[in-house]
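Chains, contacts and geometry: an overview
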Amino acid sequence: MKKSIALLTLLLASATALAAQSGSILVKTVAEQEQVTTGADGARKTTLAPASKVLPGKEVVYTVTFENVGHDAANDVVVTNPVPEHTSYVPGSAFGPGTDLLFSADGGRSFASAAALEIHGADGSVRAAGPEDYTHIRFVLKNSLTPGAVAFARYRTIVK
Amino acid sequence: MQACRRGRVGTTTTGAGWHSGLGRALAFALLLLGLADGAAAATTPAGTVIQASAEVSFVIGSTPLSVRSNAPALSVDQLIDVAVVATLATVPVRAAETARSLAFRVVNTGNAPETVHLQLATAVAGNAFDAIARTPSIFLDTDSSNTLTPADVAYAPGSNDPVLAPGASAVVLAVVDVPSGVANGAHGRVEFDARVTAGVGAPGTVFGATGPNGVDAITGLSGGVAHATSDLLVSGVDVALLKSATVTATDGSSIAEPGSRIDYDIAVQVTGAGLVHGLVVSDPIPASTRYVPASVQIDGIAQSDAVAFQPAAGQIQVSFGDVPAGAIHHVRFSVLIN
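Residues numbered from 1 in each chain as written. Chains lettered and ligands numbered in written order. Predicted model: local features only at pLDDT ≥ 70, side-chain atom pairs only at ≥ 80, totals over all residues. Heavy atoms only, no water.

The next subject is the overall build of chain A. The helix and strand inventory of chain A stands at one helix and eleven strands. Listed N to C, the secondary structure of chain A is α-β-β-β-β-β-β-β-β-β-β-β in terms of helices and strands. Taken across its 160 residues, chain A has 40% of its residues classed as buried. A fraction of 73% describes how many contacts in chain A between residues 6 or more apart in sequence connect residues 24 or more apart. Approximately 8600 Å² of chain A is accessible, and the part contributed by carbon and sulfur atoms is 55%. (Helix = DSSP H or I, 4+ residues; strand = E, 2+ residues; numbered from the N terminus. Buried < 20%, exposed > 50% of the residue type's maximum accessible area, 1.4 Å probe, protein only. Contact = heavy atoms within 4.5 Å. Areas by Shrake-Rupley, 256 points an atom, 1.4 Å probe, with all protein chains shown as cover.)

Here's what the structure looks like:
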C-alpha cells in the first residue's frame, strides 16, 4: 500500500511538469515480475517486484497507469499496447477496470474482441486467432476520464 | 501344390550390419533417428532488450490527441542449459567387438552460444560388464554419419570442445571395445556427459555479468550438465526365413496355370540371445508372375503398397526395426501367374 501511494505521488509530481506538452493525459508503463518469498512462519507470499532482467519462459507483468492531469474531461480514451517482440501474451491476463478489451493479430491494423478475432491467410483461409497470435492489446475506456482521475490496465507476457 | 523350403529362397534380409557363418546375423544398422534440429531455436537470445510502451489516444472537446508512455527495458539473461540424447538406447554388440561407436546428440537448450565439454564413463555400476574405452574415446561426428568414419575428428578436451549456437546440436561418438568372454544377453552401460563451460551449478545458480552484452548467466533445469546412457546388449542372433507357397487356380483347384494365384508366407524367426537391429526382409516377385496389389501383410495386418511394394525393384520389402530374440513374424503376399 505504501508503495502505491509513493508511486502516485511520483506520478503527480511529474505530471505537472509534462502536462503542458503531452496533452492532458499522463501515461506510465511499469514492468514487474512476481517474486515468491517464504516468510519466517513458512508462509509463501507472492509479490510484484520491479524487473530489469528476465529469462526465457518467465512472465512479465506490465501495468499501465493513465491519469487526466488536465482541466477537461478526456473522452474516447483508448490505451494500445504492442506485445513486445520476443514475448507472447499470457492468455486471460489482460485486466482493466471499466474498460473493454480488444486484441489485434495483424500488427495493430484491426482490432476485435478475443472471441471475434480472426487470422486471414494469404491464401484466403480464415481461422480464429489465439493468444500466441496477438500483436496488440487494447483497452477502451467505457466512460470519460474526468480531470484528476487515474485509471490503470494490466497484462502479462511470457518471454519466448 | 505346396512348396516349402528352408533358407533364403531368393529372399534376403538386410539391415543386419554383418553376418558370420551359417546365417548367424548380428544386426546393427544405425537407423538415423532424425531428431529435429532447432527445436529451441525460437528462444530469445541472451542479451536481447525487450521494451514495451503504451499509446493512449483520447479526445478533449473535439480535438483528438495521443500520448505515449515510457518504455521500460528488460534485458534477457543468459540461460545455461544442455541436453544429451543417446541415438540408440540399446545397442546390439558382440563379445570382443572392437571400436564400436555409440552416437550421442548434444543439444544447446539455452539461449546463448555454449562451449561444451564431453566425457565418457564406462565403469557404470549395476550391469554385467564394463565396456573398454578406446584411446581416444570420443570423436566428433564431422560427417553426421552417426558412426565412426575416417572423416571424424578425435575430441581433445579443452582444444576442440564443440561450440553450439542456441538450439543447435552436434552428434558425438563414444568409441569402445567389448570385452571378450561376455555372455549373450549380458548388458553393459556407458554414460556420456556434456558439461557447459560457461558454468555448472544447481538450477538457478547465477554467474554475474558473464553473458552476452554483460547480462547475467543463470543455470536452467539441467544445471549446465547433462547425461545419457547407452545400453550395450551382447547379442548372438540367428535370423531364419521359412518360405512356403499355396497355389489356387481360378477353378478352385491347386493347378499352377495362367491366372492362378500364389500366396506366399515367409516365417521370420529370430533365435539366440539379444536383439537384431533394423531387420529388413525383401523378396523378389518371381518371373512370369505379377504382384497382387495390397496383398502384403505382416502378422495378418495389411501393409500399404507405398511402403511394402517396390515396383521398380520388382520386390516386396518390409521393415521390422528392432526384433528381440525369440520373436516370430509372418510376411505374406500374393502373385498371379501370367
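Another point: the overall build of chain B. Each helix and strand counted, chain B has one helix and 30 strands in total. By the burial criterion, 46% of the 338 residues in chain B qualify as buried. Residue pairs at least 24 apart in sequence account for 74% of intrachain contacts in chain B once pairs closer than 6 positions are excluded. Only carbon and sulfur atoms are counted for the fraction: they give 57% of the accessible area of chain B, which is about 14700 Å².

Moving on to the side chain of A:Asn68. Residue and element names in this part refer to chain A. In this fold, asparagine 68 is placed in strand 4 (residues 59-68). Asparagine 68 gets classed as buried once you look at its relative accessible area, which sits at 1%. Of note is the side chain of asparagine 68, whose polar atom sits 2.7 Å from the backbone oxygen of leucine 145. Once residues within four sequence positions are removed from consideration, asparagine 68 is found in contact with Ser24, Ile25, Ala73, Ala74, Leu145, Thr146, Pro147, Gly148 and Ala149. (Polar contact = N/O pair within 3.5 Å; in protein donor to acceptor, adjacent residues only side chain to side chain.)

This next bit is on the nonpolar core. Side chains that are nonpolar tend, in soluble globular proteins, to be buried together. Within the largest apolar cluster, 39 residues are counted, with the highest numbers of intra-cluster contacts made by A:Ile25, A:Phe66, A:Val77 and A:Tyr155. Only strand 1 (25-38), strand 4, strand 5 (74-82), strand 10 (136-141) and strand 11 (150-159) of chain A together with strand 6 (55-60) and strand 8 (73-76) of chain B provide two or more residues apiece to this core. Judged by nonpolar contacts, the second largest core, of 34 residues, contains B:Val91, B:Leu102, B:Val190 and B:Val234. (Core = buried A, V, L, I, M, F, W, Y, C linked by side-chain atoms within 4.5 Å.)

All names here are of chain B. Taken together, five strands build an open sheet; the order of strands is 11-21-18-13-16 and the sheet is mixed. Looking at the sheet topology across the chains shown, the edges are occupied by strand 11 (90-93) and strand 16 (163-164). Direction of pairing for strand 13 (residues 114-121) relative to strand 16: antiparallel, over a ladder of two bridges. Its bridge partner lying in strand 16, glutamate 114 is registered against leucine 164. (Pairing = 2+ DSSP bridges.)

All names here are of chain B. In terms of burial, strand 24 (residues 275-284) is a largely internal element, nine of the ten residues being buried. Relative to strand 29 (residues 315-324), strand 24 is paired through eight bridges, and the arrangement is antiparallel. Bridge pairing in strand 29 places leucine 279 opposite glycine 321.

Contacts between the two partners involve 36 residues from chain A and, on the opposite side, 31 residues from chain B. Taken over both partners, the interface formed by chain A and chain B buries close to 2600 Å², and the fraction arising from carbon and sulfur atoms is 64%. Taken as a group, A:Val27, A:Thr29 and A:Leu55 account for 19% of the area that chain A buries against chain B, more than any other trio of residues on that side. Here B:Asp216 makes a salt bridge to A:Lys53, at a shortest N to O gap of 2.7 Å. Linking chain A with chain B are eleven residue pairs in polar contact (both at pLDDT 80 or more). The set of elements that each furnish at least two residues to the side of chain A that touches chain B consists of strand 1, strand 3 (53-54), strand 4, strand 5 and strand 11 of chain A. (Buried area = accessible area lost by both parts, 1.4 Å probe. Salt bridge = Lys/Arg side-chain N within 4 Å of Asp/Glu carboxyl O.)

This part takes up the confidence of the model for chain A. Scored by pLDDT, chain A has a mean of 87; 86% of the residues are at 70 or more. In this model, residues 6-22 of chain A is a region of pLDDT below 50 whose contacts with residues beyond four sequence positions or in other chains number 14 contacts. (pLDDT = per-residue confidence, 0-100.)

All right, on to the packing of aromatic side chains then. Residues and elements named next belong to chain A. Overall, the coordinates contain eight aromatic pairs over all chains when judged by the stated rule. The interplanar angle of 55° and the centroid separation of 5.1 Å between the aromatic rings of tyrosine 89 and phenylalanine 103 together place this pair among those described as tilted. Here phenylalanine 103 lies in strand 7 (residues 99-104) and tyrosine 89 lies in strand 6 (residues 87-89), a separation of 14 residues in the sequence. A centroid spacing of 5.4 Å and a plane angle of 40° characterise the contact between tyrosine 89 and tyrosine 134, whose relative ring orientation is tilted. Of the two residues, tyrosine 89 is situated in strand 6 and tyrosine 134 in the loop between strand 9 (126-128) and strand 10; the sequence distance between them amounts to 45 residues. Like tyrosine 89, the residue tyrosine 134 is buried in the burial classification. Aromatic ring contacts, followed pair by pair, group Tyr89, Phe103 and Tyr134 into a single cluster. A cation over a ring is seen here: arginine 138 above phenylalanine 111, with NZ or CZ 3.7 Å from the ring centre. (Phe/Tyr/Trp six-rings, centres within 6.5 Å; stacked < 30°, edge-to-face > 60°. Lys NZ or Arg CZ within 6 Å of the ring centre and 35° of its normal.)

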